[in-house]
Amino acid sequence: MVNTKVTLSGWELDNPIIPASGTFGYGAEFAELYDINCLGSFSFKGTTLEPRFGNPTPRIAECASGMLNAVGLQNPGVEHVLHHELPHLKAIFHKKVIANISGFSIEEYVECCRLMDEQEQIGLIEVNVSCPNVHGGGMAFGVCPENAAAVTKAVKAVVKQKPVYIKLSPNVTDIVAVARACEDAGADGLSLINTLLGMRISLKTKKPILANQMGGFSGPAIFPVALRMVYQVAQAVHIPLIGMGGVSTAEDVLEMMLAGATAVQIGAQNLVDPYVCPTIINQLPSVMAKYGIDSLTNIIGGAWK
Amino acid sequence: MEFQVTENLLIAPRVYHMRLTGDTRKLTSPGQFVQIALPGYYLRRPISVCDWRPGENGTLDLIYKAVGHGTEDMGELKPGTVLDLLTGLGNGFDLNQRDEVTRSQFPLLIGGGVGAPPMYALCKHLLAGLKAPHVILGFNTAEEVFWKREFEALGAPVTITTADGSMGVKGFVTNGMAALRGKYDYVYACGPEPMLHAVYDEAAGIPGQYSFEERMACGFGVCMGCSCKTKYGSKRICKAGPVLFREEILW
């Protein structure tokens, strides 16, 4: 009997499998497909203070072993999430959920996080300082250590109950420096990586496919980059990491944990195989057994320890 | 859900008719679509349903155009190939929820190019519901026309329009509509957006449903890739669409 339990800042999960923000909505669509209570948790759609329509379409382009998106943080706003999405979620999901919060000013991050801190359904707050698809917000906070630290510090000053994890951008020269700055500013953990900035050009129109020109690259193609970044950051900080980026199999989950992740998010793969998370959860015990792993907690950072 | 290809025939330049067998029980309404996983491609390909026979061992008819590498490769698939499909996606045409729909006696069905296929199952359903539909199918040239006989065999009158006049009425579907003014009380349309807009203008004052197309990733409502603005707020083409009621379209 293998042990798949992991603990994020005192919050014990049945397994480390967490659908990533932006690929799982607020849970309702997937609950029509399978019982989402099998998940460790999930990270809900990036939420801002005000409702946002997002970018014009096309917002999606395909790549070899991956995809680009430039959705632009479409979401119904924090009040709608508090009064409609969370109550609806309560009926279909009996575990705690991760609140993914984005913003365009430090004040906006602070206000959204303060509201989430009061919700008993929230397990931890994931502060997204790394959305590449909006201008003047999102990634602007995550690409330099000082700004990332400023958001972290401001949020930590108001959030009293929930752990605060900062979601990092890979679109930086030195992700370790940003990670250290967040840890020093009081972050309880880190999520990495968000999507890589990329683009495609249509040979028919000779113009970018995405209306936003550029978008976030995700899918199996980015897995080695994500793994490398988790491996580097894990050795530089003393707070737990949630690893993500191109994870699509149970084997990928084990690699990500060996690199130093305590839990693992699955993103783009949910969009092409809606059953990927339950499939991985079902396969984990036998894949662990195959590689002589009896407890997931024991392998965290095993690649460098 | 696994489906097996039983036929995959070229029926017009770059246009294929694929028949598959598999569990079609999730399909509930004409105008819905399926998402097909193709070997070698990361994203699924959304294809509208032309017709289906319901059941655990049902059949599914798709007519699609090779518009890029993925659909070109799809055209090469041989009978016997097993494909993974997500089915029953999208709302499809609403045939019985609204008074204006149930009251209508003379619906006009308009399909442009590969917007024509969903009109096939829709026409069957309307005939079974004792309506008197008229079908207009628009193409660029006579060579590109497909399934004229299949539509005619359903028993509804069919008008073909071609942009170059090589078959039927010369011009666009709206030229076909002009001859029918006053003879229809409802509109169902599927095709490229400029066509939908022209139909919308020609059918001013007449209620209807319009099926839209957008680039999408998931096809089941979570990625927000295909959102559009409507009179009643933003909607996901894959989930709350692809069919929108006339009065919610912002034109």
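To keep things clear, this report deals only with the structure shown in the data block. Since this is a predicted model, take the numbers as computed values, not measurements.

This part takes up the overall build of chain B. When its secondary structure is counted, chain B shows six helices and 15 strands. A compact globule built from 251 residues would reach a C-alpha radius of gyration of about 18 Å, and chain B, at 17 Å, matches this within 12%. If you line up chain B on its principal axes, its C-alpha atoms span 50 × 40 × 30 Å. Counting every position in chain B, which comprises 251 residues, the buried fraction comes to 55%. Here the contacts in chain B between residues at least 6 apart in sequence split such that 63% fall between residues at least 24 apart. Element-wise, carbon and sulfur atoms account for 52% of the exposed surface of chain B, whose accessible area totals about 10,500 Å². When the 25 basic and 26 acidic side-chain charges of chain B are each reduced to a single mean position, those positions are 3 Å apart.

Before going further, it helps to examine the overall build of chain A. Scanning chain A from N- to C-terminus turns up nine helices and 13 strands. Taken against the 2.2 N^0.38 rule, which gives 19 Å for 305 residues, the C-alpha radius of gyration of chain A at 18 Å falls within 12% of a compact globule. Along the first, second and third principal axes, the C-alpha set of chain A runs to 50 × 50 × 40 Å. In chain A, which comprises 305 residues, the share counted as buried stands at 62%.

A word on helix H5 (residues 175–184) of chain A. The periodicity of an α-helix, 3.6 residues per turn, causes residues three or four places apart in sequence to face the same way. All names here are of chain A. Summarising burial for H5: seven of the ten residues are buried, a large majority. Within H5, the full set of buried residues consists of Ile175, Val176, Val178, Ala179, Ala181, Cys182 and Glu183. Structurally, H5 contributes buried residues whose contacts are with helix H4 (145–158), strand E8 (164–167), strand E9 (189–192) and helix H6 (223–236). A side-chain oxygen of the first residue of H5 lies 3.1 Å from the backbone nitrogen of Val176; this N-cap is Asp174. Two residues or fewer past H5, Gly186 is found with a positive phi of approximately 110 degrees.

A few words on the packing of aromatic side chains. All chains considered together, the criterion is met by 17 aromatic pairs over all chains. Their ring planes at 45 degrees and their centres at 6.3 Å tell us that A:Tyr34 and A:Tyr275 sit as a pair that is tilted. Residue A:Tyr34 is found in the loop between helix H1 (28–31) and strand E4 (60–63), and its partner A:Tyr275 is found in the loop between helix H8 (269–272) and helix H9 (276–290); the two are separated by 241 residues along the sequence. Judged by its relative accessible area of 10%, A:Tyr34 falls in the buried class. You can call A:Tyr275 partly exposed: its relative accessible area is 32%. With centroids separated by 5.1 Å and ring planes inclined at 80 degrees, the aromatic side chains of B:Tyr200 and B:Trp251 adopt a geometry described as edge-to-face. Taken together, the positions of B:Tyr200 in helix H6 (residues 193–202) and B:Trp251 in the segment after strand E15 (243–245) put the pair 51 residues apart, joining distant regions of the chain. Taking the relative accessible area as the measure of exposure, B:Trp251 reaches 33% and is therefore partly exposed. When the ring centre of A:Phe53 is taken as origin, the NZ or CZ atom of A:Arg59, which lies over that ring, is 4.8 Å away. Directly above the aromatic system of B:Phe245 lies the positively charged group of B:Arg98, at a separation of 3.5 Å from the ring centroid.

To continue, consider the nonpolar core. Counting residues in hydrophobic clusters, the biggest one holds 129 residues, and the most contacted among them are A:Phe44, A:Met116, A:Val127, A:Leu190, A:Leu192, B:Ile110 and B:Tyr210. The residue makeup of this core includes at least three contributed by each of domain 1 (2–89) and domain 2 (99–213) of chain B. Apart from the residues within four sequence positions on either side, A:Phe44 is in contact with A:Ser21, A:Gly25, A:Tyr26, A:Val81, A:Leu86, A:Val97, A:Ile98, A:Ala99, A:Asn100, A:Met116 and A:Ile122. Among the nonpolar cores identified, the runner-up in size contains 28 residues, and B:Ala116, B:Val135, B:Leu137 and B:Val243 belong to it.

Next up on the list: the sheet that holds strand E10 (residues 169–170) of chain B. Residue and element names in this part refer to chain B. Judged by pairing direction, the sheet is mixed, and its seven strands sit side by side in the order E10-E9-E8-E7-E11-E12-E15 without closing on themselves. Two strands bound the open sheet, and with one partner strand each, they are E10 and E15. The pairing of strand E8 (residues 134–139) with strand E9 (residues 158–162) spans five bridges and is classified as parallel. Paired with Phe139 across the strands is Thr162, a residue of E9. Along the sheet face, H6 touches strand E7 (107–112), strand E11 (186–190) and strand E12 (208–211) and points at about 170 degrees away from the line of E11.

Rules used in this analysis
- Residues numbered from 1 in each chain as written.
- Chains lettered and ligands numbered in written order.
- Predicted model: local features only at pLDDT ≥ 70, side-chain atom pairs only at ≥ 80, totals over all residues.
- Heavy atoms only, no water.
- Helix = DSSP H or I, 4+ residues; strand = E, 2+ residues; numbered from the N terminus.
- Rg over C-alpha atoms; globule rule 2.2 N^0.38 Å.
- Buried < 20%, exposed > 50% of the residue type's maximum accessible area, 1.4 Å probe, protein only.
- Contact = heavy atoms within 4.5 Å.
- Areas by Shrake-Rupley, 256 points an atom, 1.4 Å probe, with all protein chains shown as cover.
- Lys, Arg positive; Asp, Glu negative; His and termini not counted.
- Charge placed at Lys NZ, Arg CZ, Asp CG, Glu CD.
- Polar contact = N/O pair within 3.5 Å; in protein donor to acceptor, adjacent residues only side chain to side chain.
- Phe/Tyr/Trp six-rings, centres within 6.5 Å; stacked < 30°, edge-to-face > 60°.
- Lys NZ or Arg CZ within 6 Å of the ring centre and 35° of its normal.
- Core = buried A, V, L, I, M, F, W, Y, C linked by side-chain atoms within 4.5 Å.
- Domains from an automatic or database assignment.
- Pairing = 2+ DSSP bridges.
- Axes fitted to C-alpha atoms, helices over the stretch in contact; angles between N-to-C directions.

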